[in-house]
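Summary of structural features
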Amino acid sequence: SMSGFGNVPQYGSPAAGGVSIDHHHAVYAMYLDAMERLQQLHDQHSQLMSSHLELMEAHSQVLGYAGDLEVAGATGGGEKQKKKKPLKKHPCLGVIRLDYNYPVAEGDTDCAASFGYDVIYRVVPGLTFEMAQAGKVTETVERRFAEAIKYLEGKGVNGITGDCGFMMA
């Protein structure tokens, strides 16, 4: 005991409800092992991501070569090829979104799983629910709305809708 404190157990002693120094060392050793394993996992993850980037680059090159071959085939370069049927364009819906995040559920316009075809979403920065409800937008939001429509048109969507009924106003 410390002088002047009588018979008070020291911190960490079992009598004080603490843990022994041996137990503390064992826990600390486990912590160090866990940190070492975490570093190993981090290193493996970094290596995996690096390999993934290399694979993506190689994939892009292959796609580029495939595109070059198609062009060469179409211009008479290479052997005679069968005429390919023109690919049909699949339907795609464009959705203008309010500047609002909420958890979506299937059946919701903002949930791509609600549709049996591709959907492209575009948020209009600054277009709030309250603004749509009032039917009055600022010039900036109006410009951004037009830009969102042009963006979706540029993506080749077949139709454009909004995720809020108040956009009809």
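Note that the coordinates shown come from a computational prediction; the quantities given were computed from them, not determined experimentally. (Residues numbered from 1 in each chain as written. Predicted model: local features only at pLDDT ≥ 70, side-chain atom pairs only at ≥ 80, totals over all residues. Heavy atoms only, no water.)

1. Structural notes on the overall build of the chain
From N to C terminus, the chain includes three helices and three strands. Ordered by position from the N terminus, the helices and strands of the chain form the series α-β-β-α-α-β. Contacts spanning at least 24 positions in sequence make up 61% of the contacts within the chain whose residues lie at least 6 apart. Counting every atom, the chain has about 13,700 Å² of accessible surface; 58% of that belongs to carbon and sulfur. (Helix = DSSP H or I, 4+ residues; strand = E, 2+ residues; numbered from the N terminus. Contact = heavy atoms within 4.5 Å. Areas by Shrake-Rupley, 256 points an atom, 1.4 Å probe, with all protein chains shown as cover.)

2. Some remarks on the pattern of salt bridges
Applying the stated criterion across every chain yields a total of three salt bridges. Notably, a salt bridge pairs R97 with D110, separated by 3.1 Å at the nearest N-O pair. Of this pair, R97 sits in strand β1 (residues 92-97) while D110 sits in the loop between β1 and β2 (118-123), and the two are 13 residues apart along the sequence. For the pair R97 and D110, a shared accessibility class is recorded, and that class is buried. Across the pair E147 and R143 runs a salt bridge, and its minimum N-O distance is 3.2 Å. On the criterion of helical spacing, the pair formed by E147 and R143 is a turn pair, its members being four residues apart in helix α3 (residues 139-154). Given the relative accessible area of 42%, E147 is considered partly exposed. Take R143: its relative accessible area is 44%, and that puts it in the partly exposed class. Residues joined by salt bridges that share partners form a network here, namely R97, D110 and D163. (Salt bridge = Lys/Arg side-chain N within 4 Å of Asp/Glu carboxyl O. Buried < 20%, exposed > 50% of the residue type's maximum accessible area, 1.4 Å probe, protein only.)

3. Observations concerning the confidence of the model for the chain
Here the chain shows a mean pLDDT of 80. Residues at 70 or above account for 78%. Per-element averaging of pLDDT across the chain places helix α1 (residues 21-74) at the bottom with 78 and α3 at the top with 95. (pLDDT = per-residue confidence, 0-100.)

4. What about α3?
Since the α-helix packs 3.6 residues into each turn, any two residues three or four apart lie on the same face. Here α3 spans 22 Å end to end across 16 residues, near enough to the 22 Å set by a 1.5 Å rise per residue. Where α3 is buried, its residues touch β1, β2, α2 (129-134) and β3 (159-162). Downstream of α3 by a residue or two, G156 has a phi angle that is positive, lying close to 80°. (Expected span 1.5 Å × (residues − 1).)

5. Quick notes on the nonpolar core
Most often, soluble globular proteins have nonpolar side chains that are buried together. Of all hydrophobic cores here, the largest spans 12 residues; its members are C92, I96, L98, V124, L127, M131, A132, V141, A148, L152, V157 and C164. The element best represented in this core is α3, accounting for three residues. Those residues in contact with V124 that lie beyond four places of it in its chain are I96, R97, D99, V141, R144, F145 and A148. (Core = buried A, V, L, I, M, F, W, Y, C linked by side-chain atoms within 4.5 Å.)

6. Observations regarding the side chain of D110
Under the relative-accessibility criterion, D110 is labelled buried at 7%. Not counting chain neighbours up to four residues away, the residues in contact with D110 comprise V95, R97, Y102, V104, Y121 and D163.

7. A look at the side chain of D163
On the secondary structure map, D163 appears in the segment after β3. Taking the relative accessible area as the measure of exposure, D163 reaches 19% and is therefore buried. Setting aside its immediate chain neighbours within four residues, D163 contacts V95, I96, R97, L98, T109 and D110.

8. Considerations on the sheet that holds β1
Reading across the sheet, the three strands line up as β2-β1-β3 and stay open at both edges, with parallel pairing between neighbours. One side of each edge strand has no neighbouring strand; the edge strands of this open sheet are β2 and β3. Strand-to-strand twist in this sheet, taken as the mean axis angle between neighbours without regard to direction, amounts to 25°. Strand contacts of α3: β1, β2 and β3, with the helix running at about 165° to β1, the strand carrying the most contacts. (Pairing = 2+ DSSP bridges. Axes fitted to C-alpha atoms, helices over the stretch in contact; angles between N-to-C directions.)

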